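Fold and contact review
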Amino acid sequence: MDLNSLFGIKDKIVLITGGSRGIGLMIAKGFIANGAKVYISSRKAEVCDQVAKELSAKGPGKAVSVPADLQKLSECKRLIAEIAKREEKLHVLVNNAGASWAAPFESFPDEAFEKVMNLNLKRIFSLTQSAFPLLEKAGTKEDPARVINIGSIEGESTGLEIYAYSASKAALHHLTRSMAGNLSNRNITFNTIAPGFFESKMTTQLIKNHKNVLLNNTPLNRFGTEEDVAGTCIYLTSRAGAYTTGATIVVDGGLLCNPLIAKL
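For the structure given in this document, a descriptive report is provided here. (Residues numbered from 1 in each chain as written. Predicted model: local features only at pLDDT ≥ 70, side-chain atom pairs only at ≥ 80, totals over all residues. Heavy atoms only, no water.)

**Side note on a nonpolar patch on the surface**
Among the surface-exposed residues, Phe105, Phe113 and Tyr163 lie close enough to one another that they form a single nonpolar patch of about 300 Å² accessible area. Residue classification places Phe105 among the exposed positions, given a relative accessible area of 58%. (Patch = residues over 30% accessible without salt bridge, like charges linked within 9 Å, V, L, I, M, F, W, Y side chains within 5 Å. Areas by Shrake-Rupley, 256 points an atom, 1.4 Å probe, with all protein chains shown as cover. Salt bridge = Lys/Arg side-chain N within 4 Å of Asp/Glu carboxyl O. Buried < 20%, exposed > 50% of the residue type's maximum accessible area, 1.4 Å probe, protein only.)

**Considerations on the packing of helix 4 (residues 73-86) against helix 5 (residues 110-138)**
Between helix 4 and helix 5, the least distance of the axes is 9 Å, while the angle of their chain directions is 25 degrees. Between helix 4 and helix 5, the angle falls in the class roughly parallel. Between helix 4 and helix 5 lies a crossing whose hand is right-handed. In contact with Leu73, Cys76, Lys77, Leu79, Ile80, Ile83 and Ala84 of helix 4, helix 5 contributes Arg123, Ser126, Leu127, Ser130, Ala131 and Leu134. Along the lines of polarity and charge, the residues of the contact of helix 4 with helix 5 split into nine nonpolar, two polar and two charged. (Axes fitted to C-alpha atoms, helices over the stretch in contact; angles between N-to-C directions. Helix = DSSP H or I, 4+ residues; strand = E, 2+ residues; numbered from the N terminus. Parallel < 35°, antiparallel > 145°, perpendicular 65-115°, else oblique. Left-handed = near helix turned anticlockwise from the far one by under 90°. Contact = heavy atoms within 4.5 Å. Nonpolar A, V, L, I, M, F, W, Y, C, P; charged D, E, K, R; others polar.)

**As for unusual backbone geometry**
Here Gly59 and Pro60 are connected by a cis peptide whose omega angle stands at 0 degrees. Tracing the sequence through the fold places Pro60 in the loop between helix 3 (45-58) and strand 3 (62-65). Within the chain, Asp11 stands out as a residue other than glycine whose phi angle is a positive 70 degrees. With respect to the helices and strands, the residue Asp11 is situated in the loop between helix 1 (3-7) and strand 1 (13-17). Backbone geometry at Asn187 places phi at a positive 65 degrees, although glycine is not the residue there. With respect to the secondary-structure elements, Asn187 resides in the loop between helix 6 (163-183) and strand 6 (188-195). A relative accessible area of 23% means that Asn187 is categorised as partly exposed.

Everything listed here is a matter of geometry and, on its own, says nothing about what the molecule does.
This is the structure:
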């Protein structure tokens with residue numbers, strides 16, 4: 001076997017939510033650079049359109065913008081309906097769109113908890129449910145369709161006062177395992193990637209306030225890069241990852257191995 005047959009993803013059809021910035025954009029770049037056709041969805045249409053245009057220009061894959069507000073069940077269904085108009089099947093669904101909220105326990109607002117849990121957990125279930133017929137059409141025993149849920153090391157640890165976010169990611173990790181156990185026999189794999197600290201809009205303030213502490217307590221002494229998270233997604237999407245399902249793959253430079261991070 002050669003690397004192209006083992007890790008190749010050329011011509012696969014991929015949907016990435018939250019794909020216009022941050023980790024979602026990093027993943028989209030990796031897929032497109034390796035010849036996949038990627039549907040990018042995010043809430044702001046103008047941003048989504050511009051990012052898709054820029055990524056398509058770089059090739060060799062193609063990016064297509066399909067904006068949607070995934071807080072709403074109706075938008076989850078509309079997004080999949082839009083893809084179904086263009087494609088007969090969907091090889092890969094990357095559930096990356098998410099929200100966070102930081103506040104002390106005593107003042108943590110109920111509406112924030114609802115918003116974070118809805119987008120980070122409930123709507124991932126809704127979107128996967130809506131996309132299931134397209135995924136089933138793509139999957140075979142040798143080359144299953146893939147669902148990749150972007151969790152977080154916050155779903156595996158404690159420390160920061162982001163109660164709803166941590167709870168939503170821990171629940172997402174378990175939801176992924178539950179779906180894997182019950183649905184992988186339909187030629188679809190379900191896995192979670194739990195990133196550590198990558199430089200993105202969501203982590204801007206944390207990195208600004210605690211950069212040296214985070215780096216010093218990360219055994220590899222750096223933040224994650226585009227290659228780190230995109231490479232993990234490509235592995236899971238390729239033949240190399242076809243027998244992996246129900247896994248939570250931590251991509252954090254060893255941060256979880258160091259309990260001192262809880263002292264932040």
